[in-house]
Amino acid sequence: MNMRDICCLFGGLIIDYYYYIDKWPERAQDGFITGEDSMVGGCAINMAAAASSLGCPAYVISGLGEDHAAETAGKYMMEHALPTDLIERAGGTSGKCLVFLEPDGERTFLTEKGAEGIFSETLDAKVRSCEPRAAGVTGYYLLNDDAERIMDCIEYLHSRGTWVLFDPSPLVSSIKPELLRRIIEASDMMTPNETELSVIEQYTDKERYCSHGGTIVVKSGSEGGNVYTYRDGSVRSFQYGAVRADAVDTTGAGDSFSGALLFSAVKELDLESAVELASRTAAITVGINGPHAFWEPDIKMKEIIEKGRKKNA
């Protein structure tokens, strides 16, 4: 099958409203806001920015409202040359996320859902006809009212040969059990942290998932993480290290990590190179203000990409 060398991101576009605070107060206590900012955000565009910066065309899948936030998001996509083919005006109000950022880069989120979760029959048909080589799915997107249609679309793409990455998200336990079972079955890679993995393991285990061709990347933040995959007749694991970075804002680091893995799937890099590239990509995001950025790969990244291609040649 002649699939396109692109990735699609199931996740939705929203506006992130940043509030810089000196510290997060205890419940029922007071605190101070020291500054504020706003930018286009959402897991999908965070992944897309990373994949696009590395050199892979990335298509965000999202509904958009009929408001100023939608205009802002549309303009932002055009300014950064991100395709808008799979973004649809859905009416209503766009979603937003309040991000409370502490001096050490730690953040707390409060999200209001909106039109980004509307997945119409028209949008469904567009995504199905896209034939992407890889697709990323954030668990947040499966909490929308149209989650059943979204899941049907993902399963269709996977059946046609699209490589699927599932990033569970901190709210993975809120996904309907049947939908969670289905996305686990339809994914080729999962990228949970330890807490999210404990939820996933209620539906599958490493042996079963990996023996059917899946890979699990368990993220441990600044400690790196562990990769589980099936090789030579059994589940094998290896550790990966986090790339050091002066933490400015950890928002979007996990999404950037996933975006690099999607790039690697499209470019068919070997697994070790893919994870090393993902760690370096996440470090770039940790070192900036905001959930993503657009940048040029450095020399080390280019070396990893070239090495990963040669190993799979």
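Residues numbered from 1 in each chain as written. Predicted model: local features only at pLDDT ≥ 70, side-chain atom pairs only at ≥ 80, totals over all residues. Heavy atoms only, no water.

Focus on unusual backbone geometry
For step 1, the next point in the chain: A positive phi angle is found at Ala81, which is not glycine, with a value near 55°.
For step 2, the next point in the chain: Residue placement: Ala81 occurs in the loop between helix H2 (68-79) and strand E5 (87-89).
For step 3, the next point in the chain: By relative accessible area, which is 67% here, Ala81 ends up exposed. (Helix = DSSP H or I, 4+ residues; strand = E, 2+ residues; numbered from the N terminus. Buried < 20%, exposed > 50% of the residue type's maximum accessible area, 1.4 Å probe, protein only.)

Quick look at the nonpolar core
When a protein is soluble and globular, its nonpolar side chains tend to lie buried together.
For step 1, the next point in the chain: Membership of the largest hydrophobic core comes to 48 residues, with the highest contact counts inside it found for Cys7 and Leu13.
For step 2, the next point in the chain: For this core, the leading source of residues is helix H8 (residues 253-267), giving 7 residues.
For step 3, the next point in the chain: Within the second largest apolar cluster, 38 residues are counted, among which are Ile61, Leu123, Cys130 and Phe166. (Core = buried A, V, L, I, M, F, W, Y, C linked by side-chain atoms within 4.5 Å.)

With respect to the sheet that holds strand E7 (residues 107-112)
For step 1, the next point in the chain: With respect to topology, 4 strands assemble into an open sheet ordered E3-E2-E6-E7, the strand pairing being mixed. A single partner strand is all that each edge strand has here, and the edge strands are strand E3 (33-41) and E7. On average, adjacent strands in this sheet sit at an angle of 20° to one another, irrespective of strand direction. (Pairing = 2+ DSSP bridges. Axes fitted to C-alpha atoms, helices over the stretch in contact; angles between N-to-C directions.)

A closer look at the packing of aromatic side chains
For step 1, the next point in the chain: Taken as a whole and judged by the stated rule, the model has 7 aromatic pairs.
For step 2, the next point in the chain: Ring geometry for Tyr19 versus Phe100: centroids 5.7 Å apart, planes at 25°, classification stacked. One end of the pair, Tyr19, is in strand E2 (residues 14-21); the other, Phe100, is in strand E6 (residues 96-101), with 81 residues separating them in the sequence.
For step 3, the next point in the chain: Chaining the aromatic ring pairs together yields one cluster made of Phe10, Phe119 and Tyr141. (Phe/Tyr/Trp six-rings, centres within 6.5 Å; stacked < 30°, edge-to-face > 60°.)

Some remarks on the pairing of strand E9 (residues 163-167)
For step 1, the next point in the chain: In terms of burial, E9 is largely enclosed, as 4 of its 5 residues are buried.
For step 2, the next point in the chain: For strand E8 (residues 132-138) and E9, the ladder comprises 5 bridges, and the chain directions are parallel. Bridging across to E9, Thr138 finds its partner in Asp167.
For step 3, the next point in the chain: Where E9 meets strand E10 (residues 189-190), 2 bridges bridge the pair, whose relative direction is parallel. By the bridge assignment, Leu165 is partnered in E10 with Met189.
For step 4, the next point in the chain: Since E9 and E10 lie parallel, the crossover through helix H5 (residues 177-185) that links them has a hand, and here it is right-handed. (Right-handed = clockwise from strand over helix to strand, strands pointing away.)

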